[in-house]
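Take a look at the letters that make up each chain.
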Amino acid sequence: MLQTIVTDLDLGGFVGTLRFIPDSVPFSINPDGSILVKHPEDLDRETTASFSFQVEAQENPPSTNKETADVTIILLDQNDNSPQFTDSEYEGKVYADQTVGMEVVKVEATDLDEGPNAEISYFIEFGNEKGFFGLNEKDGAITQVQVIPLVENEILEFALYITARDGGARSWSTPAMVHIQALGESNPQFLHKTYQGQVEENQEDAEIVKVNFLSIDPIVPVNLTVETEGDKFAINKDTRVLYTKVKLDYEEKSSHTVLLSISDGTNRDEASVLVEVLDVNDNSPEFEDHPPTVSISENHIVGEDVASVKATDADAGFNAEVVYTLLGGAGRFNIDQETGVITLAASLDREAQDEYHLVITVQDQGRPSLSTTTDLGITVTDINDNSPIFSKQQYETTMFEDADVGADVVVVMATDKDDGVNAVVSFHIVNQQPSSDTPVFNIDSDSGSVTLAGKLDYSKAKRYTLDVEGRDGGSPSLTGSAVVIVWVEDVNDKPPVFSKDEYAMSVYENLAGGTALVSLEVTDEDKDGFSKGHFIMDSDIFVINSQGLISLGRDATLDRETNDHYTLEVVAVDQPVDGLRSTAQVIITVLDINNNNPQFLPLPEPIEIQEGEYTQSSPGEVCKISATDADIGDNGLFSFSTSSYSKYFICSDDGTLQAISELDREMHDVYDVVITAVDHGIPQLNNMTTVRVSITDVNDNAPVFSSETYSRSILVRDAKVGELLLTVSATDKDAGDNALITYSFSEVSSIVALDAETGDITLTSDLSEVTEDTLLTLSVIATDHGATPLSDEAEILIHFKIAESVYFESSSYNFMIKENEPEETIVGTVKALTGSPLVTVNYNMKSHEDVFSVDAEGTIKALKLLDKEDVEWYILTVEAIDSRTPPNTAETTVSVEVENVNEAPVFDAEKYTASIFNIAPYKFPIVKVQASDPDVDESLELQYSLVKPTTVLDIEVHMKESRYGNSVTVISINQPVYKVEKMIPEIEDSMKTAFGWTVKILSVTADGGNKIRINSRKSTDKTYISFIAMDSSGSIIEADEVKEKIYTEHHVLASELEKIFGTEVKIQVEDSSGNFEGFSEEVVITLAVLLSLTILAAGVQLTVCIIKKNFYNKQKKMEREKSDKLSIEMPVNFWFDRMDE
């Protein structure tokens, strides 16, 4: 430990602080000057041997005296490092010319320490048991101390374990290995003069045999060489294995003698290797030539030879023995496995099969075996063993009696399964019944065609029977027979006749499929009349049966709008074949039914009408609505009516939509008017569409100032030219240019100026001429930009004061009171100061005097019961008046928040009644029921249900923004939450200064929207501030207007916040929808099923129950854990009406 001593001649000696320059040294200093090591492990002499730095002595404020001293600390060595060898292993060699005392190898080690700690000695620990080597302890040289007996062709190896040890008091050592080789004389020799090996043919790079030899390779390298047949063999010098360079062929040469040599360049030895080549089955059997096809008669005797094949194999032994097998032949042929002789195994029938394809395989007995195939065709020759067979045993045909001689009657056909002349068939008529003197029919002997040889007479013979014989050309000839029956037919020469040339009728388009329409009557003078006749009609819609009855197809439908009439042509044919025919026309007219709803045509976009006063007698035309109906007559005529907002709009029969009541855009800017079109058919059909009517603005609202009077007091001595004194603000309920406002003074002022756009009133004079308290009174005018401008006027009061005045302890106060508290309940206390105990103060309530009062002590009391649901915030202005002459005044802003007390929800009506069309679709909205909770922001927690559920209706809940959803503004600043929470009053004052409005902060949240309790100290780099702004009358200003103010006055707000948080503060406007819970619910009762057209009128009475789950504000009511449930019930009546009844 080192101590620095500081002396000071002043009274009390040295009083101050000590520090190092630089402060990065690994030491610390105590107030008494003692220098200590911070962390001993940080000191390493081998890395840093010494430290040089200064010690500075600084007297405590207000003195600025200081002095420095130089300090050098030198680190002493301790034995903390082991010796380190330059290599982990060492190698040495001893040769045949060895001598005692020669150096074999030298080891070396170093030590980072110094002095004795770095002195190194070397020792052989083990491995020198025979004492061949010695080690110099000082320099690490290893020498040979004895002659080593060397062995020819052998390497002796010695492994010495060496340690290096330093000279420290507590010494350290490190091991290393030394490998020494002693080499004998080199005289390479094979262990055997002759080696034998085997190798299968067709193998390349196949190992044959390993040869062994003695040498001291690789110390003395040797060369192993193939002296003979080097094109076929090679030897691996590393593995000493002889292998094939090419594929050997047993059939070419079955053995080889290979001469090998080994040499170290001085000595040489030889050996031979007898290589036997082993046969492998690498040759397939080969067939000798044979004819491709053999012919035999179909009556060849079973068991006799048919043909033979022969094959040979170039291999030896089992690899050359062959066996024959046969595939094909349908089991009618066998082959001898050894000789290849093929014999007939079963009788042949050429008519069943006249050719056979045999596949003959020859296979050797090698492993694996090889085989070859050959094809042999067998042709079977014919013998006459089949009679002719007719295609039919009986032929039957009809001939008209007026048929010409020579006309074809019928063709008979016969086949013979034999071949050649045995299959040629000739035809003959051997008998005719009834018989005649001359044959009535002839037959062509070659073709079998029967022709008419004489005239037919239906009255003499109505039928002929002919016996026909077929004979083949074999020897002896074989025959077959058949019968031909010929019917004589009467000739048809009278066409059928319709009872009318044209049939006409009318049917309704909803005619059911399969309904009969008309029966057509037809007569025929021929024999049998029209009994064999039929009708032909080409139509996809209508069908006709064999009796002439025309009907609508069973799957067909009529649609007058697609086709209003059909003309059909019907043909009557008296016979199925070659019948005579006649034609008639059938005209069918389709009558209309009311089966098409009116269809609305596209509407123009957008549909607009100007707001204003409209009446039945003086309506305003909105637009023209057009529709079509595909039906005709009364079915195609329709009328229009409105099904919603009928108080405001009507629709005439010609489709003109008119406004008939006052339209105020500021109250309602969009109407979704449901238009119904109903046709005049029976039953009536209808359709609905929704017309969105947008109300355009007229300049019917004058601007309104946020306050009737704006006032400000300012000390003349503090006044600065350009200072913002007041900001006036007016709003206009109109839209567009009608809502744009310009500000102006009624008369020009030389002291202040007014910004026409922002309403900012700034000081333009240095007030050097003001020598006493002065009140400046001005009138400010707000004028809109409408075609006929409208305006509003407010009073400006600016007090320029010379002396000090009364002032409040705080520029603003925040108090809370529960709703429904009794009268005279104390809200809070304000206090004003005068700077003199001789001056007294009186207080005056300047706003909401009917709700609150203030007494002489500054105590504010409520004058009546308060309801949070009516007014949640009261912004009060309290005036303080001192007793000076003339009196001085001051004002402060008091924000009073009314706390919620849980109350039951209420419906906006006692009873709901609605009508709905029978064609209304699924999920069609019927009526909207809505309840509100008197408690602020708790309508969101309402739950709606049907007390008696029904399958006809559903309830759907829709979200909409609550009354504060558009009023809450959210900004974020880059400051910790806990810091922002502490400065809430100052932030509110800063915003009031920047905007000119009263600001109330609702919540402070961390990044992500998580609510932070007031006592939280969690820090985040982004904090969200949710707030509302109120004008001087206490009205809450829309968030959009506040955001616009932030953008235009961003530099002013930033300047004010920098006074609180410093120059690094950053402000950003956030999307308030994601950070403030400002939604409520409305309930729409919808159809849960489609209504049947058969419902004439049905009533449904329901009771809807609402349950409110009231979750109290976590920041204000953490102690209340359970939730209350309040419910009410109300009746709902629904009537489902048929519009056509």
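An unreviewed UniProt entry lists the protein chain under the name Protocadherin Fat 4-like, with Danio rerio as the source organism.

## Examining the overall build of the protein chain
When helices and strands are tallied, the protein chain shows four helices and 91 strands. Buried positions account for 42% of the 1141 residues belonging to the protein chain. Per element, the accessible surface of the protein chain, about 61300 Å² overall, is 48% carbon and sulfur.

## Focus on the pattern of salt bridges
Within this structure, the stated rule accounts for 25 salt bridges. In this structure, K66 and E56 form a salt bridge, with 4.0 Å as the shortest nitrogen-oxygen distance. Taken together, the residues K66 in strand β6 (residues 66–74) and E56 in strand β5 (residues 50–59) connect sequence positions 10 residues apart. On the basis of relative accessible area, E56 is assigned to the buried category, the value being 7%. In this structure, D269 engages K193 in a salt bridge whose closest nitrogen and oxygen atoms are separated by 2.4 Å. Residue D269 is found in strand β24 (residues 268–278), and its partner K193 is found in the loop between β16 (189–190) and β17 (194–200); the two are separated by 76 residues along the sequence. When salt bridges with common partners are traced through the structure, they connect R45, E46, D77 and E114 into a single cluster.

## Overview of helix α2 (residues 984–995)
The end-to-end C-alpha distance of α2 is 16 Å, a good match for the 16 Å that 12 residues give at a rise of 1.5 Å each. The set of residues buried in α2 consists of I984, I987, E988, S990, M991, A994 and F995. Projected onto a plane normal to the axis of α2, the buried residues spread over an arc of 160° and lie on a single side.

## Structural notes on the sheet that holds strand β33 (residues 371–381)
The strand order β26-β33-β32-β29 describes an open sheet built from four strands, whose pairing is mixed. Two strands close off the open sheet at either side, each with one partner strand: β26 (293–297) and β29 (322–327). In this sheet, adjacent strand axes meet at a mean angle of 30° when their direction is disregarded. Of the pairings in the sheet, the one linking β29 to strand β32 (residues 355–364) comprises six bridges and is antiparallel in character. Bridge pairing in β32 places T325 opposite T361.

## What to know about the nonpolar core
Counting residues in each nonpolar core, the largest one holds 26 residues, and the members touching the most others are F705, V728, V752, I761, I796, I798 and F800. Secondary structure elements with two or more residues in this core: β62 (709–715), β63 (724–727), β65 (741–745), β66 (752–754), β67 (760–763), β68 (774–784) and β69 (791–801). Among residues more than four places away in sequence, those in contact with V752 are L725, F745, I761, T762, L763, T764, L776, L778 and I798.

## Observations regarding the packing of α2 against helix α4 (residues 1050–1061)
Put simply, α2 and α4 touch, their axes get as near as 8 Å, and they point 155° apart. Comparing the axis directions of α2 and α4 gives the class roughly antiparallel. As α2 runs across α4, the sense of the crossing is right-handed. Side by side, α2 and α4 meet where E986, I987, S990, M991, T993, A994 and F995 of the first sit next to V1052, L1053, E1056, L1057, I1060 and F1061 of the second. Taken together, the residues of the contact of α2 with α4 break down into nine nonpolar, two polar and two charged.

## Comments concerning the sheet that holds strand β40 (residues 449–452)
Within the open sheet, the three strands sit side by side as β36-β40-β39. Their pairing is antiparallel. Every other strand in the sheet has two partners, leaving β36 (408–411) and β39 (441–443) as the edge strands with one partner each. Strand-to-strand, the axes of this sheet are offset by a mean angle of 20°, without reference to chain direction.

## Some remarks on the confidence of the model for the protein chain
Of all residues in the protein chain, 88% have pLDDT values of 70 or greater, and the mean over the chain is 84. When pLDDT is averaged over each helix and strand of the protein chain, the minimum, 42, is found for strand β91 (residues 1124–1137) and the maximum, 96, for β65. Here residues 936–940 is modelled with pLDDT under 50, and outside its nearest four sequence neighbours on either side it reaches 22 contacts, counting other chains as well. Residue range residues 1073–1082 is modelled with pLDDT below 50. Its contacts to residues more than four positions away, or to other chains, number 40 contacts.

## Details of the pairing of strand β14 (residues 155–166)
Looking along a regular strand, one sees the side chains alternate between the two faces of the sheet. In terms of strand pairing, strand β11 (residues 120–126) meets β14 through six bridges, oriented antiparallel. Residue pairing for β14: S121 is matched across the bridge by R165. Examined bridge by bridge, β14 and strand β15 (residues 173–183) share 11 bridges and lie antiparallel to one another. Each residue of the ladder has a partner; that of L156, found in β15, is A182.

## Focus: unusual backbone geometry
That bond from I21 to P22 is cis: its omega, 0°, falls within 30 degrees of zero. Along the chain, the position of P22 falls in the loop between β2 (16–21) and β3 (27–29). A positive phi angle is found at E229, which is not glycine, with a value near 50°. Residue placement: E229 occurs in the loop between β20 (223–226) and β21 (233–235).

## Quick look at the environment of Y161
Position of Y161 relative to the elements: it lies in strand β14. A relative accessible area of 24% means that Y161 is categorised as partly exposed. Between the alpha carbons of Y161 and E125 there is a distance of 5.5 Å; along the sequence they are 36 residues apart. Setting aside chain neighbours within four positions, we find Y161 in contact with F123, I124, E125, F126, P175, A176 and M177.

## Observations concerning the packing of aromatic side chains
Evaluation of the coordinates by the stated rule reveals 27 aromatic pairs. Relative to F640, the ring of F600 has its centre 6.1 Å away and its plane inclined at 45°; by these criteria the two rings are tilted. Taken together, the residues F600 in strand β52 (residues 599–600) and F640 in strand β56 (residues 638–642) connect sequence positions 40 residues apart. Comparing F600 with F640, the two get one shared label, buried. Judged by centre distance (6.2 Å) and plane angle (45°), the ring pair of F705 and Y743 falls under tilted. In this pair, F705 sits in strand β61 (residues 704–705) while Y743 sits in strand β65, placing the two residues 38 residues apart along the sequence. For F705, a relative accessible area of 8% corresponds to the buried category. What links up through ring pairs into an aromatic cluster is the set F20, F27, F51 and F53. Over the aromatic face of F213 sits the side chain of R240, whose NZ or CZ is 3.8 Å from the ring centroid. Here the guanidinium or amino end of K1045 rests over the ring plane of W997, the centre of that ring lying 5.5 Å away.

## A short note on the environment of Q432
Within the secondary structure layout, Q432 lies in strand β38 (residues 425–433). Note on Q432: relative accessible area 11%, which makes it buried. Discounting residues that sit within four places of it in the chain, Q432 has contacts with P439, V440, F441, Y464, T465 and L466. Within the local environment of Q432, its side chain forms a polar contact with the backbone oxygen of P434, the two atoms lying 3.1 Å apart. Only 3.2 Å separates the side chain of Q432 from the backbone nitrogen of V440, close enough to count as a polar contact.

## Comments concerning the side chain of R350
For R350, the location among the structural elements is in the loop between β31 (341–344) and β32. Filtering out sequence-adjacent residues up to four positions away, R350 remains in contact with E298, V380, T381, D382, K417, D418 and D419.

## Looking at the state of the cysteines
Tallied over the entire structure, the rule returns zero disulfides. Here C623 is not cross-linked by a disulfide; its sulfur's nearest cysteine counterpart is in C651, at 7.8 Å.

## So, helix α3 (residues 1039–1048)
Listing the buried residues of α3 in full gives A1039, V1042, K1043, K1045 and I1046. The buried residues of α3 all sit within an arc of 160° when viewed along its axis, so they share a single face. Set apart from the buried face of α3 by more than 90 degrees, the exposed residues are D1040 and Y1047. On its buried side, α3 packs onto β63, β85 (969–973), α2, β87 (1023–1030), α4 and β88 (1067–1070).

Cut-offs applied
Residues numbered from 1 in each chain as written. Predicted model: local features only at pLDDT ≥ 70, side-chain atom pairs only at ≥ 80, totals over all residues. Heavy atoms only, no water. Helix = DSSP H or I, 4+ residues; strand = E, 2+ residues; numbered from the N terminus. Buried < 20%, exposed > 50% of the residue type's maximum accessible area, 1.4 Å probe, protein only. Areas by Shrake-Rupley, 256 points an atom, 1.4 Å probe, with all protein chains shown as cover. Salt bridge = Lys/Arg side-chain N within 4 Å of Asp/Glu carboxyl O. Expected span 1.5 Å × (residues − 1). Arc of directions from axis to C-beta. Pairing = 2+ DSSP bridges. Axes fitted to C-alpha atoms, helices over the stretch in contact; angles between N-to-C directions. Core = buried A, V, L, I, M, F, W, Y, C linked by side-chain atoms within 4.5 Å. Contact = heavy atoms within 4.5 Å. Parallel < 35°, antiparallel > 145°, perpendicular 65-115°, else oblique. Left-handed = near helix turned anticlockwise from the far one by under 90°. Nonpolar A, V, L, I, M, F, W, Y, C, P; charged D, E, K, R; others polar. pLDDT = per-residue confidence, 0-100. Phe/Tyr/Trp six-rings, centres within 6.5 Å; stacked < 30°, edge-to-face > 60°. Lys NZ or Arg CZ within 6 Å of the ring centre and 35° of its normal. Polar contact = N/O pair within 3.5 Å; in protein donor to acceptor, adjacent residues only side chain to side chain. Disulfide = S-S within 2.5 Å.

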